[in-house]
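Here are the chains, one letter per residue:
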Protein chains: 2
Amino acid sequence: MIQIDPIAIRQGDRLALSRALTAVENNAPESRDLQSALFPFTGKAHLIGVTGPAGSGKSTLVNQLAKHFRQDKDNQLAPKVAIIAVDPSSPFTGGALLGDRIRMGDLAGDKGIFIRSMASRGALGGLANQTAAFVTVLDSAGFDLIIIETVGAGQAEVDIASLAHTVIVVEAPGMGDDIQAIKAGILEIADIIVVNKADRPGAENTIRALRVMLEMAQRKFDSHAVAGKHLLDATPAPTAETQQPQSGWLPTIHSTIAVDGKGIAPLIDDVQRHRQFLRESGEWQQKEAARLRRDVHALIREALLTRWWEKLDENQFAQILDDVIHRKYSPIEAVEKLL
Amino acid sequence: MIQIDPIAIRQGDRLALSRALTAVENNAPESRDLQSALFPFTGKAHLIGVTGPAGSGKSTLVNQLAKHFRQDKDNQLAPKVAIIAVDPSSPFTGGALLGDRIRMGDLAGDKGIFIRSMASRGALGGLANQTAAFVTVLDSAGFDLIIIETVGAGQAEVDIASLAHTVIVVEAPGMGDDIQAIKAGILEIADIIVVNKADRPGAENTIRALRVMLEMAQRKFDSHAVAGKHLLDATPAPTAETQQPQSGWLPTIHSTIAVDGKGIAPLIDDVQRHRQFLRESGEWQQKEAARLRRDVHALIREALLTRWWEKLDENQFAQILDDVIHRKYSPIEAVEKLL
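Residues numbered from 1 in each chain as written. Chains lettered and ligands numbered in written order. Predicted model: local features only at pLDDT ≥ 70, side-chain atom pairs only at ≥ 80, totals over all residues. Heavy atoms only, no water.

### Side note on unusual backbone geometry
Then, number 1: One non-glycine residue with positive phi stands out, namely Lys197 of chain B, at about 55°.
Then, number 2: Following the sequence through the fold, Lys197 of chain B ends up in the loop between strand S6 (192-195) and helix H9 (203-226). (Helix = DSSP H or I, 4+ residues; strand = E, 2+ residues; numbered from the N terminus.)

Structural data, given as structure tokens:
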């Protein structure tokens with residue numbers, strides 16, 4: 001067992017940091033104590049989730065965000081940025097490593113930036129647990145901004161992105177302007193929506209479609225809120241009497257051409273504005289609490305299963321599975337017998 | 001509690017079928033006994049998973065597949081087709097219902113076809129459990145083909161699609177020809193790859209890129225297999241001595257224009273050919289066993305958690321969560337205290 005010194009991590013020692021993340025990724029025995037040792041020093045980082053479909057240019061956008069946050073990098077006070085690329089990559093292609101190398105590019109050599117892919121298909125405890133553990137390590141290491149980038153727009157990816165304080169959903173023209181965008185089911189988690197590749201044909205249509213969808217969602221939200229039902233727990237509802245506009249955060253829409261760096265500066269302004277909103281409205285604390293509650297739930301799930309497996313009689317289990325396969329009883333009946 | 005008669009379902013009564021699926025979706029108490037009653041009559045249907053990124057035209061392709069399978073629909077022996085659209089749709093937009101209405105189109109009125117969306121964001125027991133339960137009901141109702149369509153290309157979607165005997169991955173030009181396709185991490189689960197919207201510019205490039213990736217994967221597979229390591233459990237490996245070509249199924253690539261029905265017939269031929277391959281090679285049984293094993297695992301996970309929640313002291317839980325939020329101890333330590 002390699003000893004990893006929590007103090008080295010907190011001092012920003014990159015080797016200790018890499019080792020810690022690897023230990024977490026492998027679910028190494030020492031990683032649990034390490035996380036507990038680091039946890040009291042967390043809660044400072046601004047977590048930014050970036051999600052959206054493949055091909056929308058998320059990685060390029062994330063690189064540009066990091067570059068802009070680090071533009072003042074010779075200043076000791078410039079924010080330090082970590083990127084976690086949650087990457088259900090192929091065992092064949094080694095996508096994660098390849099991705100790391102490609103994305104480093106002009107970010108390499110800056111000590112205030114740290115990039116790590118999670119090549120964690122079938123990870124122990126699931127992607128969400130691993131991401132949470134990565135966040136604990138990086139937050140305690142003093143990174144001011146942690147960008148969590150998820151590939152795809154599936155439920156797992158959405159769940160992970162929604163760990164963040166600020167959620168950016170990236171679309172590209174020709175992908176998000178039809179019923180598919182509605183189906184994606186990710187817009188309601190967005191704080192900021194980015195239409196990237198805005199020089200492509202159809203960008204205007206995509207932006208218009210997104211506006212309409214947001215307005216529809218907003219109207220539904222308002223009518224629900226007036227009726228006393230809150231679809232979004234964290235957003236204060238307008239009162240029926242005054243019909244005031246909602247005092248919460250309304251998702252904003254940006255268009256960018258990430259590959260040329262266009263539109264990145266106003267996007268960053270909005271990220272900062274959202275952070276300020278969270279701080280002033282008290283939502284920051286609420287989001288923190290929700291995130292930690294979810295972490296605890298996920299760990300309970302994992303621990304219950306692990307304990308049960310340890311106590312299991314494997315022969316009995318194999319026999320019962322065999323009976324299910326031969327349709328002697330259903331999976332539901334099998335589980336009743338097993339527990 | 002509405003009584004749902006298993007016999008009515010097995011006789012293909014559509015009202016009973018709809019009610020059963022709703023009961024499953026709501027995790028209604030009667031749904032568990034119902035599933036157990038129906039389970040002995042399952043194991044006949046050919047499960048076809050269709051997955052791929054949003055905007056690739058999956059729904060249109062699935063409709064065309066269903067139409068072609070049903071072209072001989074006046075014949076009593078024509079295969080009956082069910083479609084499960086796993087749809088993490090927005091609570092705002094009601095995407096699932098909308099989708100059902102749009103997709104019915106020219107399929108409506110055919111009694112040998114049944115379409116159901118799962119609007120199951122945050123479903124009890126997860127999407128995979130629900131899909132498995134839907135499959136049990138539809139399989140026992142005598143549907144010969146069950147097409148499971150998942151939106152997006154996230155891990156959850158891939159897991160669900162991989163429940164199927166035959167997995168079709170759909171791409172579209174301009175989405176799958178760069179590093180994003182590698183990242184998607186779904187190619188290694190594909191039995192058949194479809195490049196849809198093949199009339200779009202870049203279709204040839206996409207097909208070429210996919211071919212190269214498959215060849216790379218195949219080479220890696222071969223070298224691993226020769227070294228005695230099997231990356232794909234279910235595929236028989238060539239022996240080092242003879243260097244015979246692999247006797248398993250090599251993923252095939254199709255190009256289609258689903259909206260015009262182009263390329264559907266050869267695709268269906270390939271689906272049939274894959275089915276025959278599974279039957280003859282014994283992989284059908286292996287896939288069935290793997291699927292049921294996963295169902296049992298998923299149900300165990302759900303049951304352990306449910307039982308634990310029932311026994312939980314809520315006040316203690318709230319107190320511990322509060323302590324975590326105030327960083328008195330870490331989530332890991334909290335779980336140790338709770339269990």
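Resuming the write-up.
### Focus: the domain arrangement of chain A
Residue and element names in this part refer to chain A.
Then, number 1: Once the domains are mapped, chain A shows domain 1 (6-221 + 249-281) and domain 2 (282-338).
Then, number 2: Counting from both sides, the interface comprises 24 residues of domain 1 and, opposite them, 12 residues of domain 2.
Then, number 3: Approximately 1500 Å² of surface area, both sides summed, lies buried where domain 1 meets domain 2, with 50% of it carried by carbon and sulfur atoms.
Then, number 4: One salt bridge in this structure joins Asp191 and Lys287, with 3.7 Å as the shortest N-O distance.
Then, number 5: For the interface between domain 1 and domain 2, the tally reads 8 residue pairs in polar contact (both at pLDDT 80 or more).
Then, number 6: Broken down by element, the residue count for the side of domain 1 that touches domain 2 peaks at 7 residues, all from helix H10 (residues 264-281).
Then, number 7: The residue inventory of the side of domain 1 that touches domain 2, partitioned by class, reads 9 nonpolar, 9 polar and 6 charged. (Domains from an automatic or database assignment. Contact = heavy atoms within 4.5 Å. Buried area = accessible area lost by both parts, 1.4 Å probe. Salt bridge = Lys/Arg side-chain N within 4 Å of Asp/Glu carboxyl O. Polar contact = N/O pair within 3.5 Å; in protein donor to acceptor, adjacent residues only side chain to side chain. Nonpolar A, V, L, I, M, F, W, Y, C, P; charged D, E, K, R; others polar.)

### Quick look at helix H12 (residues 314-325) of chain A
Then, number 1: In this model, H12 of chain A (12 residues) spans 16 Å end to end at C-alpha, consistent with the 16 Å of a helix rising 1.5 Å per residue.
Then, number 2: The complete set of buried residues in H12 of chain A reads Phe317, Ile320, Leu321, Asp323 and Val324 of chain A. One side of H12 of chain A carries all its buried residues, which in axial view fall inside an arc of 160°.
Then, number 3: If you follow the buried residues of H12 of chain A, they end up packed against helix H11 (283-311) and helix H13 (331-338) of chain A together with helix H11 (283-311) of chain B.
Then, number 4: The backbone nitrogen of Asn315 of chain A has a side-chain oxygen 3.0 Å away, supplied by the residue at the start of H12 of chain A, namely Asp313 of chain A.
Then, number 5: In the stretch just after H12 of chain A, Arg327 of chain A is the one whose phi turns positive, near 60°. (Expected span 1.5 Å × (residues − 1). Buried < 20%, exposed > 50% of the residue type's maximum accessible area, 1.4 Å probe, protein only. Arc of directions from axis to C-beta.)

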